[in-house]
Amino acid sequence: MKKIALALTLTLLLISCGGDTQNTMTVTGNVKGLKKGDLYLQKFNDTLLITIDSLKVDGNGSFTFKTEVESPELFNLYLKKEDFNDFNDRISFFGEAGVITINTSWDTFDRNAKITGSESNKKYKEYRKIMSDFNIKNMQIIQNVQNSKIALDSLQIDSVQKLSDKTIKRSYAYAINFALTNTNSTIAPYIALQEIPDANKIYLDSIYNSLDDKVSASKYGIALKKYLDELSK
């Protein structure tokens, strides 16, 4: 009994002193070449983007942020740099408890980022890669029409529209299938909520009903259940 009481006291002391817990996420890394700027760790609270923590960079691009996370969710590492350029300044990643390392360069901030330490982010990156391919293909279809020097007749325009619609349908099918085959990951309810909320409710129900208990109790699992309940009203 004395040992249990001592262990409990030490645990409470650790928490009260700001020590790490099993839900602590540490985001650390380096922005190569960054001399001056401000780094922000951000996430969405409902539809509002909030800043969790920030630090000022002055001569050293190394950084460390710590925050508590109840379940994996999407975060942003935002760089406000003094180059008068609003592009290439935000890295989106799936954060979770543990140590996550992000190494990148100031001039290719979002395109050159190497992220390790998050299994959820591996799944997110895998998903985004294929979806990006679908988006590029659809853009190419549209650009080919816009760049055409010959005016298309109604039949040709209809054919192009059907080809574009087919690509979009394939991307939806891929998103649904990816979610259904990864129901042990928080990426599944995230995809249902953020990527395909207008998909047929039958598919969204299937995704939710297939979720692991831990995932259904996560931030996005709970939000998906709420969304489905609203659709049923």
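These figures come from a predicted structure and were not determined experimentally.

What counts and how
- Residues numbered from 1 in each chain as written.
- Predicted model: local features only at pLDDT ≥ 70, side-chain atom pairs only at ≥ 80, totals over all residues.
- Heavy atoms only, no water.
- Helix = DSSP H or I, 4+ residues; strand = E, 2+ residues; numbered from the N terminus.
- Contact = heavy atoms within 4.5 Å.
- Areas by Shrake-Rupley, 256 points an atom, 1.4 Å probe, with all protein chains shown as cover.
- Buried < 20%, exposed > 50% of the residue type's maximum accessible area, 1.4 Å probe, protein only.
- Core = buried A, V, L, I, M, F, W, Y, C linked by side-chain atoms within 4.5 Å.
- Pairing = 2+ DSSP bridges.
- Axes fitted to C-alpha atoms, helices over the stretch in contact; angles between N-to-C directions.
- Arc of directions from axis to C-beta.
- Polar contact = N/O pair within 3.5 Å; in protein donor to acceptor, adjacent residues only side chain to side chain.

S.K.: Account for the overall build of the chain, with residues named and values stated.
M.R.: Broken down by element type, the chain carries seven helices and eight strands. Here the contacts in the chain between residues at least 6 apart in sequence split such that 58% fall between residues at least 24 apart. As presented, the chain carries roughly 14,700 Å² of accessible surface, and 54% of it is formed by carbon and sulfur atoms.

S.K.: So what's going on with helix α4 (residues 187–195)? Which residues, and what values?
M.R.: Counting buried positions over the nine residues of α4 gives seven, a clear majority of the element. Listing the buried residues of α4 in full gives I187, A188, P189, Y190, I191, A192 and L193.

S.K.: Tell me about the nonpolar core, residues and numbers included.
M.R.: Core analysis: the largest hydrophobic core is formed by 27 residues, its most contacted members being I191, I196 and I207. Looking at this core, the elements with two or more residues in it are α2 (119–146), α3 (154–180), α4, α5 (201–210) and α7 (219–232). Here this core gets six residues from one element, more than from any other, and that element is α4. Residues V57, F75, L77 and A113 belong to the second largest nonpolar core, which totals 19 residues.

S.K.: I'd like a description of the sheet that holds strand β4 (residues 62–68), backed by residues and values.
M.R.: Spatially, β4-β1-β7-β8 is the arrangement adopted by the four strands of the open sheet, whose pairing is mixed. Of all strands in the sheet, those with a lone pairing partner are β4 and β8 (114–116), marking the two edges. Here the average twist between neighbouring strands, direction ignored, is 15 degrees. Relative to β4, strand β1 (residues 24–32) runs antiparallel, the two sharing seven bridges.

S.K.: If you had to explain the sheet that holds strand β6 (residues 90–95) to someone new, which residues and values would you point to?
M.R.: Strand order in the open sheet made by the four strands is β3-β2-β5-β6, with antiparallel pairing throughout. Edge positions in the open sheet fall to β3 (48–58) and β6, since each of these has one partner strand only. Ignoring which end each strand starts from, the neighbouring axes of this sheet average 25 degrees apart. By the bridge criterion, seven bridges tie strand β2 (residues 36–45) to strand β5 (residues 73–81) in an arrangement that is antiparallel. Each bridged residue has a counterpart across the sheet, and for G37 the counterpart in β5 is K81.

S.K.: Explain α5 to me, using residue names and the numbers behind them.
M.R.: Residues of α5 that are buried: L204, I207 and Y208. Mapping the buried residues of α5 onto a view down its axis gives an arc of 95 degrees, with all of them on the same face. Away from its buried face, by an angle of more than 90 degrees, α5 presents the exposed residues I202 and N209. Two to three positions downstream of the cap, the backbone nitrogen of I202 sits 2.9 Å from a side-chain oxygen, assigning the N-cap of α5 to N200.

These figures capture arrangement, not role.
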